[in-house]
Structures are given as structure tokens and as C-alpha cells.
Amino acid sequence: MEKQFLLVALDLDGTLFNSKSSISDENKKAIKTAAAAGTIFVIATGRPYNGLPLEAMKELGIQYAITTNGAAVYKVPERECLFECCMPWEEATTLVDKLLTLPIHLDLFVNGCAYTPDICKKAIESMNQLPKELKEYILSTRTMVPNLTDKIRQQKQDIQKVTLNFPADENGVPLYRNQAMNILNTYPDVYYLSGGYGNLEFTKKGISKAKGLSFLCNYLNIPIEQTIACGDSENDLDIIKAAGLGIAMSNAPEHVKEQATDIAPSNDDNGVAAIIERWILTT
């Protein structure tokens, strides 16, 4: 008899979302069917709270979200923060100031909101390696701020996560990424990885989507062995390995797929629906 899975954690970009940043009807139908039978679905994303697809989550009955790579867990739609572990603002703002000496795009996430320095707006518009829908998402969900670190210092706000996107050369190779990594390597209290498209994302050391999943399992009294986690990027590796069943999308990089228990069809081939039909609805 196969294990009964009680909770499914879904990454958004490259997993639940197709390449047009939307959720297919097939995925929606499968989630609704499984949820009606008692399965709990959770979003596990690098996005902040204000980047969540709240209307779609309401339609699908999804009430929990692991955000900013695990730095904050929310109950939706109440926006109740159940767990948060941030980078202290003093050190983080000094690090951000150093990174902003590079001609890159930087997003900073605080209290579920996303902020970008004014000087970065042109940078994201010129990054042709990013899908149009992703650039539109970034530009539409960020609050532009003239001097971002001054704002954070004045308000003494601790930081959930920072994301760096880089311009690319004619071959699509990210520029200034190595320089950014060299700066990040001088800060041992932060942890960085890639969330896709060659970007870098960093949080407080020890934070991951897996930590968010562990918190939710304790909160909901669900054994982590009875969970499924699905993702496609480096920031999904920890949760894929921590869950009872870790699934990589076929569009994931090879090093992610190698560490998954199962491989699902791509995000453009209704991979989430296939996962639910294989592991939830047929058990």
C-alpha cells in the first residue's frame, strides 16, 4: 500500500505556473478535486506575500504560503504571519549598499512587501533573458524607492529576502554575478542560491523552504513524511529533499532532478495535475 500524502507544497514559477505565469485549467481541476477529498495545498515560493496569486489561491482553497524562500510563512487571505526569520537590518543594509555599486537589479522584501531602488528600474527592463511575463510581474509588484537603504534604516525594518537579477551578454551569460557572489561571500550570516534565470537570492543563514515546511507540519500536526514538495529551481532543493516525496519538474535543471524522488511533466504540460493524479487521487 502506498503512503498517504496529506499535504502538497507547490512552487509557483516554473511549477504551478506555466511559462505564461498562469495556472492551467487542468492543474486547477486536479487541485480542487484533491482538496475536496481533504488534501492540504501550500504555496512554497521565493516571492513575497504581495507577489502571491491571491485570487487564484482563494479559488483553489489554498490557505497557507511559505514565502521568500522560507523566511516567512503566512495564512491566507488574513495575511497572518505565522513564522518569520529575517536578516537584521543593520548588516543587511550595509550588504545591499555594496551590491548596489554593481549595475544590477535588486529587490528587497520586508513584511511581505517588495521594494526596488529607483536606479534599478531600467536594469530590469533591459534584461531580455527574462520572460516578458516575469518582468511584468516584477515591475507591477515592486514599490520604487529613491534611497532604499535609507528607508530601511529609518524604519529599522528587518529584511526577509533580497533578490538580484543580472544583465546578460549576447550568449545569455549573467554579468556581474561573480562580483556579487564575492561580496556575498564576505557575509557568513547570509545564505544565497539561485531561484532561476541565473539570479541570486539571499536570506538569513539557515532559512529555506524546507524550514517553512517543517514549521507548517508542526503547526498543522502533519508528519513531514506525509508531504509532497514540487519545484523546479535551486531554491526548491531543500524542500524537495525534506518532504516525504520530493518531485522535480522536467523543466528543472539536471542537478535538481538528480536529487528528486520523481520527475513530473513540465510546467507547460500540466505537471502539477500529473503529480496529483499519480500520488494523491489514485491512492
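Preceding this paragraph is the structure being described.
What you see is a predicted model; the values in this text were computed from it and never measured.

Looking at this model, I keep getting lost on the side chain of Ser194. Mind explaining?
Structurally, Ser194 can be placed in the loop between strand 10 (190-193) and strand 11 (200-204). The class for Ser194 is buried, based on a relative accessible area of 10%. A polar contact is formed between the side chain of Ser194 and the backbone nitrogen of Gly196, at a distance of 3.2 Å. Polar side-chain contacts of Ser194 include one of 3.1 Å to the backbone oxygen of Asn199. Apart from residues lying up to four places away in sequence, Ser194 is in contact with Arg177, Asn199, Ser233, Glu234 and Asn235.

How do you make sense of the packing of helix 2 (residues 25-36) against helix 12 (residues 271-279) when you look at a structure like this?
For any two helices packed against each other, one specifies the inter-axial angle together with the distance between the axes. At a closest axis distance of 7 Å, the pairing of helix 2 and helix 12 adopts a crossing angle of 30 degrees. Accordingly, the angle class assigned to the pair helix 2 and helix 12 is roughly parallel. Of the two elements, helix 2 crosses helix 12, and the hand of that crossing is left-handed. Facing helix 2, whose interface residues are Glu26, Asn27, Ala30, Ile31 and Ala34, helix 12 presents Gly271, Val272, Ala273 and Ile276. Residue classes in the contact of helix 2 with helix 12 are distributed as six nonpolar, two polar and one charged.

How should I be thinking about the sheet that holds strand 11 in this particular structure?
Sheet strands pair via backbone hydrogen bonds, and the direction of the pair is either parallel or antiparallel. What the six strands build is an open sheet, ordered 8-7-6-9-11-10; its pairing is mixed. In the strand order of this sheet, the two ends are held by strand 8 (143-145) and strand 10, each with one partner. Strand after strand, the sheet turns through a mean of 25 degrees between neighbouring axes, direction not considered. Inspection of the sheet shows strand 6 (residues 105-110) paired to strand 9 (residues 161-165) by five bridges, in the antiparallel sense. Following the sheet pairing, Asp107 is matched in strand 9 by Thr163.

Looking at this structure, I do not really get the sheet that holds strand 3 (residues 64-67). What am I missing?
Strand order across the open sheet formed by eight strands is 5-4-3-2-1-12-13-14, with mixed pairing between neighbours. Bordering the open sheet on either side are strand 5 (80-84) and strand 14 (262-264), each of which pairs with just one other strand. Each adjacent strand pair in this sheet contributes to an overall mean axis angle of 25 degrees, direction not counted. Sheet topology note: the strand 2 (residues 40-44)/strand 3 ladder contains three bridges and is parallel. Of the residues in strand 3, the one forming a bridge with Val42 is Tyr64.

I keep staring at unusual backbone geometry and nothing clicks. Help me out?
Across the chain, the bulk of peptide bonds are trans and the bulk of non-glycine residues have phi less than zero. The omega angle of the peptide bond from Val76 to Pro77 is 5 degrees, so this bond is cis rather than trans. Following the sequence through the fold, Pro77 ends up in the loop between strand 4 (72-75) and strand 5. At Ser21, a position not held by glycine, the phi torsion is positive, near 60 degrees. Here Ser21 shows up in the loop between helix 1 (12-16) and helix 2. Although it is not a glycine, Thr68 adopts a positive phi angle of roughly 45 degrees. Tracing the backbone through its elements, the reader meets Thr68 in the loop between strand 3 and strand 4.

Conventions and cut-offs
- Residues numbered from 1 in each chain as written.
- Predicted model: local features only at pLDDT ≥ 70, side-chain atom pairs only at ≥ 80, totals over all residues.
- Heavy atoms only, no water.
- Helix = DSSP H or I, 4+ residues; strand = E, 2+ residues; numbered from the N terminus.
- Buried < 20%, exposed > 50% of the residue type's maximum accessible area, 1.4 Å probe, protein only.
- Polar contact = N/O pair within 3.5 Å; in protein donor to acceptor, adjacent residues only side chain to side chain.
- Contact = heavy atoms within 4.5 Å.
- Axes fitted to C-alpha atoms, helices over the stretch in contact; angles between N-to-C directions.
- Parallel < 35°, antiparallel > 145°, perpendicular 65-115°, else oblique.
- Left-handed = near helix turned anticlockwise from the far one by under 90°.
- Nonpolar A, V, L, I, M, F, W, Y, C, P; charged D, E, K, R; others polar.
- Pairing = 2+ DSSP bridges.

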